[in-house]
Amino acid sequence: MNKRKIMIAPSILSARFTHLEEDALRAEKGGADMLHLDIMDGHFVPNISFGPAIVKQLRPFVSIPFDTHLMISHPLEYIEKFADAGSDWITVHAECDDCISKSISMIKDLGVKTGLSLNPPTPFSEARDHMEDLDLLLIMTVNPGFSGQKFMTEVMDKLKEAKTFIDENDLDIDIMVDGGIGRQNADVVTRNGGNMLVAGNAAFGGDEPIASNITAIRKKALEGHL
Ligand code: DX5
Ligand code: ZN
């Protein structure tokens, strides 16, 4: 079995937008492996977040990779813009309105790490035909749109199925899990095969410093590390 590095990806959706640079730097200094950027178009999900201009402005202040999660209906129109803005990883949704194969090739051709995401009700079979072309599979454990929602344990069977497929086919793919993850359940994610953990509220919310939150999530994640 292929044991992958645990990576913690704080989502700036839960950071203070008026202090974005400061919070992003605190996450980086606090041990974050990458910064998760939740892009929402008010169409694919019932919420609007931020666009490439913000990503571009933030980029020079932060050294860790930018992991851009496109919760948008038409990624083909925006992939290049987010790559130009400094995204190191770009993930599109299997449920979007554009052609998935085209979206994946567009990201790859730009030399950006390529991800595909599945909403909680979407079966792993929707990703299977694309697996050879991916660097990342993103399994949602909340219905996308908002931070601070409850982790859906029922998605763990799909996570296990994806991990088994990756191992059996000896693929070089990270599994990211996103939604409702924190210091209380990070081990459940890693025990079932996830190695990249997104944390919004658990990283930027609460009274403790961001660095302590990240350390606590990582510690719990390591307990379940396969
Ligand atoms: C949900 C986003 C998540 C979210 C995570 O639509 O894709 O990345 O910000 O936030 P928490 O960790 O608070 O669930
Ligand atoms: Zn996300």
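These numbers come from a predicted model, not from an experiment. (Residues numbered from 1 in each chain as written. Chains lettered and ligands numbered in written order. Predicted model: local features only at pLDDT ≥ 70, side-chain atom pairs only at ≥ 80, totals over all residues. Heavy atoms only, no water.)

So, about the pairing of strand β3 (residues 66-71). Taken across its six residues, β3 has six buried, putting it largely inside the fold. The side-chain alternation of β3 yields two buried faces, one formed by Phe66, Thr68 and Leu70 and the other by Asp67, His69 and Met71. In this structure, strand β2 (residues 35-40) lies alongside β3, joined through six bridges in parallel fashion. Bridging from a neighbouring strand, Leu35 pairs with Phe66 of β3. After leaving β2, the chain enters helix α2 (residues 52-58) and then returns to the sheet as β3, a path that is right-handed. Across three bridges, β3 lies against strand β4 (residues 89-93) in parallel orientation. Bridge pairing links Thr68 to Ile90 in β4. (Buried < 20%, exposed > 50% of the residue type's maximum accessible area, 1.4 Å probe, protein only. Helix = DSSP H or I, 4+ residues; strand = E, 2+ residues; numbered from the N terminus. Pairing = 2+ DSSP bridges. Right-handed = clockwise from strand over helix to strand, strands pointing away.)

With that out of the way, let us pick up the site of ligand 1. What surrounds ligand 1 is a group of 20 residues, the closest being Asp38, Gly145, Asp178, Gly180 and Gly200. Asp38 places a side-chain nitrogen or oxygen 2.7 Å from an oxygen atom of ligand 1. Starting from 380 Å² of accessible surface for ligand 1 in isolation, the protein chains cover 99%. Listed by contribution, the elements that provide at least two residues to the shell around ligand 1 are β2, β3 and β8 (196-199). For the shell around ligand 1, the per-class residue count stands at eight nonpolar, ten polar and two charged. (Near = heavy atom within 4 Å. Polar contact = N/O pair within 3.5 Å; in protein donor to acceptor, adjacent residues only side chain to side chain. Areas by Shrake-Rupley, 256 points an atom, 1.4 Å probe, with all protein chains shown as cover. Nonpolar A, V, L, I, M, F, W, Y, C, P; charged D, E, K, R; others polar.)

This part covers the sheet that holds strand β7 (residues 174-178). Pairing in this open sheet of eight strands is parallel, and the strands run β1-β8-β7-β6-β5-β4-β3-β2 from one edge to the other. Among the strands making up the open sheet, the edge pair consists of β1 (7-10) and β2. Adjacent strand axes in the sheet meet at a mean angle of 25°, parallel and antiparallel pairs treated alike. Two elements, β1 and β8, share four bridges in a ladder whose sense is parallel. Bridge pairing links Ile8 to Leu197 in β8. Strand contacts of helix α6 (residues 156-168): β5 (113-118), β6 (136-140) and β7, with the helix running at about 170° to β7, the strand carrying the most contacts. (Axes fitted to C-alpha atoms, helices over the stretch in contact; angles between N-to-C directions. Contact = heavy atoms within 4.5 Å.)

Protein coordination at the zinc ion (ligand 2) comes from His36 (NE2), Asp38 (OD), His69 (ND1) and Asp178 (OD), with a distance range of 2.0 to 2.3 Å. Around the zinc ion (ligand 2), the six donor atoms are arranged such that angles at the metal cover 70 to 169°; this shape is classified as octahedral. Between consecutive donors of the zinc ion (ligand 2), the numbers of intervening residues give the motif H-x1-D-x30-H-x108-D. Of the two residues, His36 is situated in strand β2 and Asp178 in strand β7; the sequence distance between them amounts to 142 residues. Residues His36 and Asp178 agree in their burial class; the two are buried. (Donors = N, O, S within 2.8 Å, 3.2 Å for Na, K, Ca; no water. Tetrahedral: all angles 85-135°; square planar, octahedral: opposite > 155°, others 65-115°.)

Looking now at the pairing of β6. The buried count for β6 comes to five of five residues, which makes it a mostly enclosed element. Relative to β7, β6 runs parallel, the two being bridged by five bridges. Within β7, the residue paired with Leu138 across the bridge is Met176. Each parallel crossover has a hand, and the one from β6 via α6 to β7 is right-handed.

In this fold, Ala211 is placed in helix α9 (residues 210-223). Sequence separation of Ala211 and Gly51 is 160 residues, and the distance between their C-alpha atoms is 26 Å.

Grouped together as the largest cluster of nonpolar side chains are 66 residues, with contacts concentrated most on Ile12, Leu35, Met131 and Leu137. Broken down by element, this core gets its largest block of residues, five residues, from α6. Setting aside residues no more than four positions away along its own chain, Ile12 makes contact with Phe17, Leu20, Leu35, His36, Leu37, Phe50, Leu58 and Phe204. Within the second largest apolar cluster, eleven residues are counted, among which are Met7, Met140, Val142 and Val198. (Core = buried A, V, L, I, M, F, W, Y, C linked by side-chain atoms within 4.5 Å.)

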